[in-house]
Amino acid sequence: AVGPSQSTGKQWYQRRVREEIANADCGFGMRKVAAGKWVSTEVLEEEGEKKYHNAFHRLYNYITGANSDGAEIPMTAPVISKPYMDAAWKEVGATMHFYVPSAFQANPPSPTEDNVYMEDWDDALVYYRAIGESGEKISQDVWVSEFTNLYTALMKAGHGYYPYMSVVGGFTAPFDEVQRTEIMFVSN
């Protein structure tokens, strides 16, 4: 095997999605995501165009043994990226996250790389739109258009959300022919 099993990610996705309401007429879905531990890293601006790629590889190193136990930890889905915006909608920072599988939730091994750390996330309600391509293939114009469409649909439906953090979830392996990428806002 090349790396951790992607099937574990599919199982996680099925377990973690406690409730999903997908209404094509309203332009978005809502999903409750249960609390849990995530391994995280900063997306470093000084890494330039490869900053998200490098962040992914720092987390991938963690699950393939760069941790205090040297444990190989199954890959999960989604891989979450959280760009943070200022009032002018300029990206001012970002983080990337892998969910820690249930077998490791109680006592996950500590990361051994300086820029990798563990986080405890609370339950959350997210609003999402699926855009169905690998994030690397999506143009800036499409990102802006899709987040604008999600914003418009949420305002029309009267749903509030935290506006200065856009969330992107990748639900499929990087080389899968059919991709599932979602954009999300977290309810406030």
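Residues numbered from 1 in each chain as written. Predicted model: local features only at pLDDT ≥ 70, side-chain atom pairs only at ≥ 80, totals over all residues. Heavy atoms only, no water.

## Describing the overall build of the protein chain
Okay, so step 1: Broken down by element type, the protein chain carries 4 helices and 9 strands.
Okay, so step 2: When burial is assessed residue by residue, the protein chain has 44% of its 188 residues classed as buried.
Okay, so step 3: Sequence-distant contacts in the protein chain: of pairs separated by 6 or more residues, those separated by 24 or more amount to 66%.
Okay, so step 4: Summing over all exposed atoms, the protein chain offers an accessible surface of approximately 10,400 Å²; the carbon and sulfur share of this is 51%. (Helix = DSSP H or I, 4+ residues; strand = E, 2+ residues; numbered from the N terminus. Buried < 20%, exposed > 50% of the residue type's maximum accessible area, 1.4 Å probe, protein only. Contact = heavy atoms within 4.5 Å. Areas by Shrake-Rupley, 256 points an atom, 1.4 Å probe, with all protein chains shown as cover.)

## Some remarks on unusual backbone geometry
Okay, so step 1: Put simply, Ala 77 and Pro 78 share a cis peptide bond, and its omega is 5°.
Okay, so step 2: Phi at Trp 89 is positive, roughly 65°, even though this residue is not glycine.
Okay, so step 3: Within the fold, Trp 89 resides in the loop between β4 (79-85) and β5 (91-99).

## Brief notes about the packing of aromatic side chains
Okay, so step 1: Per the counting criterion, the structure on display carries 10 aromatic pairs.
Okay, so step 2: A network of ring pairs unites the aromatic residues Phe 147, Tyr 151, Tyr 161 and Phe 185 as a single cluster.
Okay, so step 3: One residue, Arg 31, lies across the ring of Tyr 128, its end atom 4.1 Å from the ring centre. (Phe/Tyr/Trp six-rings, centres within 6.5 Å; stacked < 30°, edge-to-face > 60°. Lys NZ or Arg CZ within 6 Å of the ring centre and 35° of its normal.)

## Considerations on the pattern of salt bridges
Okay, so step 1: Under the counting rule described, the total for this entry stands at 7 salt bridges.
Okay, so step 2: The residue Asp 120 makes a salt bridge to Lys 37 at a minimum N-O spacing of 2.8 Å. With a gap of 83 residues between them, Asp 120 in strand β6 (residues 116-121) and Lys 37 in strand β3 (residues 36-42) connect regions that are remote in the sequence.
Okay, so step 3: Linking Glu 47 and Arg 58 is a salt bridge whose minimum nitrogen-to-oxygen distance equals 3.1 Å. Of this pair, Glu 47 sits in the loop between β3 and α2 (51-63) while Arg 58 sits in helix α2, and the two are 11 residues apart along the sequence. (Salt bridge = Lys/Arg side-chain N within 4 Å of Asp/Glu carboxyl O.)

## Some thoughts on the confidence of the model for the protein chain
Okay, so step 1: The predicted model of the protein chain has a mean per-residue pLDDT of 85, with 85% of residues at 70 or higher.
Okay, so step 2: Per-residue pLDDT stays below 50 along residues 1-24; that stretch engages in 52 contacts with residues further than four places along the chain or on separate chains. (pLDDT = per-residue confidence, 0-100.)

## Overview of the pairing of β3
Okay, so step 1: Among the 7 residues that make up β3, 6 are buried, leaving the element largely enclosed by the rest of the structure.
Okay, so step 2: Both β3 and β6 contribute to a ladder of 6 bridges, which runs antiparallel. Of the residues in β6, the one forming a bridge with Val 39 is Met 118.
Okay, so step 3: As paired elements, β3 and β5 share 5 bridges and run antiparallel to each other. If you follow Val 39 over to β5, its bridge partner there is Phe 98. (Pairing = 2+ DSSP bridges.)

## What to know about the environment of Glu 72
Okay, so step 1: By the secondary structure assignment, Glu 72 is in the loop between α2 and β4.
Okay, so step 2: Of the residues examined, Glu 72 reaches a relative accessible area of 64% and is grouped as exposed.
Okay, so step 3: Discounting chain neighbours no more than four positions away, the residues touching Glu 72 are Ile 63, Thr 64 and Phe 104.

## A closer look at the nonpolar core
Okay, so step 1: Within the largest apolar cluster, 17 residues are counted, with the highest numbers of intra-cluster contacts made by Val 39, Met 96 and Phe 98.
Okay, so step 2: Elements with a contribution of two residues or more to this core: α2 and β5.
Okay, so step 3: Among the elements that make up this core, the one with the highest residue count is α2 (5 residues).
Okay, so step 4: Residues within four places of Val 39 in sequence aside, it is in contact with Leu 59, Tyr 62, Met 96, His 97, Phe 98, Val 100, Pro 111, Val 116, Tyr 117 and Met 118. (Core = buried A, V, L, I, M, F, W, Y, C linked by side-chain atoms within 4.5 Å.)

## Overview of the pairing of strand β2 (residues 28-33)
Okay, so step 1: In terms of residue burial, β2 counts as a mostly covered element, since 5 of its 6 residues are buried.
Okay, so step 2: Here β2 runs beside strand β7 (residues 124-130); their pairing, made up of 5 bridges, is antiparallel. Along β7, the bridge assignment pairs Lys 32 with Leu 125.

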